[in-house]
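# Structural overview for review
The residues making up each chain are set out below.
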Amino acid sequence: MNKMPLAKFIRLMPKVELHVHLEGSIRPETLLTLAERNDVALPANTTEGLQEWYQFSSFAHFIEVYFAICNCIRTPDDFEFIATEFLRHQSEQNIKYSEVIFTPYTHREHVTFDEQLAAINRARQQAETSLGVRMALAPDISRQVRPVETSLLVADWAAQNMGNGIIALGLGGPEVDNPPELFQETFQRARAEGLPSLPHAGETEGAKSIWGAINTLSAVRVGHGVRCLEDPELVAFLREKQIPLEVCPSSNVCLGVVPTLAEHPLPKLLEEGLFVTISSDDPPMFDTTLTDEYLRITETFGFGITQIKQFVSNGIQASLLSSGEQRALESEFRTQFVELENELGL
Ligand SMILES: [Zn+2]
């Protein structure tokens, strides 16, 4: 098959995204506006300069950039602005539905949890009306938070706001030395209130961390999870239960989980019969977009249109939308797939 129509199909096809961070999606031009607005000094004061500073060089640099970005978010208006920009870029990629992670505790000194959510919800509702794109929110807890009891604040608040844009509780931050077991009580409490768990696991730590996310936090999906392949028993378990993995290929390469994209275990995960979805994680920081992730894996692994459509469909099925909403989205996407295939002669 000619490659060009497939690339075009990928650009135009409707998509969903299940693992993307709001703060990690702030583009250099948006960051520049925030920094000027709030009079915060950054290492560069042009879009090009910031673009260069964003370039991934090491994990330490990644964290430095991440916190510098967070430090530029100071007001409810800033939250509305970043969420509006985020949704505009999702819309440009025809991402119809996103489940979006953000870290409320990081911003608490400037903006209360409630103000953060209200501002993001204004952008969410506006985008739904004007662009026809939807998102739902998964506030997360940083594994570094101490004392660990502090995380209960986020869990309780998130549970109170189910139905107000919030659909799950996440766990992010450095995996090494911060095992899921530390947060057992926090997630138990959220679950008792009906809030599902979406922890990161199996990225910079191995299978043990994924087992912990499943057994102690009752993860309904695993953020990354690519290192499950280190434990055949875990692979068998994930296959049997069809627990979805949120695979973010470029992020894995940048963070050194795998040396190159060609060595990424994505084909192996599929061979093992695991439930794989594709996401971009922190797109501008890893010099990618969800569209680029699809283009890169297609180019690298030679996937055909059937596999690409399967990834998209997996995203719908692994989402936390109700089964009725999933069916509606599936049917809408199927119609658009057929139209696009006819148009592009695929
Ligand atoms: Zn992530």
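What comes next concerns the included structure. (Residues numbered from 1 in each chain as written. Predicted model: local features only at pLDDT ≥ 70, side-chain atom pairs only at ≥ 80, totals over all residues.)

## Concerning the overall build of the protein
- Counting its regular elements, the protein contains 15 helices and 8 strands.
- Compactness check: the protein gives a C-alpha radius of gyration of 19 Å against a globular reference of 20 Å for 346 residues, within 12% of the reference.
- Taking all 346 residues of the protein together, the buried fraction comes to 44%.
- Taking all contacts inside the protein whose residues are at least 6 apart in sequence as the whole, residues at least 24 apart take part in 74%. (Helix = DSSP H or I, 4+ residues; strand = E, 2+ residues; numbered from the N terminus. Rg over C-alpha atoms; globule rule 2.2 N^0.38 Å. Buried ≥ 20, exposed ≤ 12 C-beta atoms within 10 Å, placed from the backbone. Contact = placed C-beta atoms within 7 Å.)

## Thoughts on unusual backbone geometry
- R146 connects to P147 through a cis peptide bond whose omega is -5 degrees.
- The residue P147 is located in the loop between β3 (134-142) and α7 (150-160) in this model.
- Here the phi dihedral of D39 falls at roughly 55 degrees; this positive angle occurs in a residue that is not glycine.
- The exposure class of D39 is exposed, given the 8 C-beta atoms found within 10 Å.

## Some points on the sheet that holds β3
- Reading across from one edge, β1-β2-β3-β4-β5-β6-β7-β8 is the order of the 8 strands in this open sheet, with parallel pairing throughout. The open sheet terminates on both sides in strands that have one partner only, identified here as β1 (15-21) and β8 (276-278). Across the sheet, the mean angle from the axis of one strand to that of its neighbour is 25 degrees, orientation sign disregarded.
- With 3 bridges connecting them, strand β4 (residues 169-172) and strand β5 (residues 197-201) associate as parallel partners. When the bridges of β5 are listed, L169 appears paired with S197. (Pairing = 2+ DSSP bridges. Axes fitted to C-alpha atoms, helices over the stretch in contact; angles between N-to-C directions.)

## A short note on the environment of E330
- You can see E330 is positioned in helix α15 (residues 323-344).
- Residue E330 is classed as partly exposed on the basis of its 14 C-beta neighbours within 10 Å.
- Put simply, E330 and G173 are 157 residues apart on the chain and 33 Å apart in space, counted from C-alpha to C-alpha.
- Filtering out sequence-adjacent residues up to four positions away, E330 remains in contact with S313 and I316.

## Structural notes on helix α5 (residues 76-92)
- Taking 1.5 Å per residue as the helical rise, α5 with its 17 residues ought to reach 24 Å, and the 24 Å between its terminal C-alpha atoms agrees with that figure.
- Those residues of α5 that sit buried are D78, F79, I82, A83, F86, L87 and Q90. Each buried residue of α5 lies within a common arc of 160 degrees when the element is viewed along its axis, so the set occupies one face.
- Buried positions along α5 lie against α2 (28-38), β2 (95-102), α6 (113-130) and β3. (Expected span 1.5 Å × (residues − 1). Arc of directions from axis to C-beta.)

## Notes on the environment of G170
- Examined against the element boundaries, G170 turns out to sit in strand β4.
- Judged by the 25 C-beta atoms lying within 10 Å of it, G170 falls in the buried class.
- With 17 residues separating them in the primary sequence, G170 and F187 have C-alpha atoms 9.1 Å apart.

## Brief notes about the environment of I210
- Tracing the chain through its elements places I210 in helix α9 (residues 207-215).
- Here I210 falls in the buried class, since 29 other C-beta atoms lie within 10 Å of it.

## Topic: the pairing of β1
- The buried count for β1 comes to 7 of 7 residues, which makes it a mostly enclosed element.
- Here 5 bridges tie β1 to β2, and the two strands are oriented parallel to one another. Within β2, the residue paired with V16 across the bridge is Y97.

## A look at the packing of α5 against α6
- Where α5 contacts α6, the axes come no closer than 8 Å and their chain directions differ by 35 degrees. As α5 runs across α6, the sense of the crossing is right-handed. Residues P76, F79, E80, A83, T84, L87 and S91 of α5 form the contact with α6, whose participating residues are E115, Q116, A118, A119, I120, R122, A123, R124, Q126 and A127.
- Of the residues that constitute the contact of α5 with α6, the class distribution is 9 nonpolar, 4 polar and 4 charged. (Left-handed = near helix turned anticlockwise from the far one by under 90°. Nonpolar A, V, L, I, M, F, W, Y, C, P; charged D, E, K, R; others polar.)

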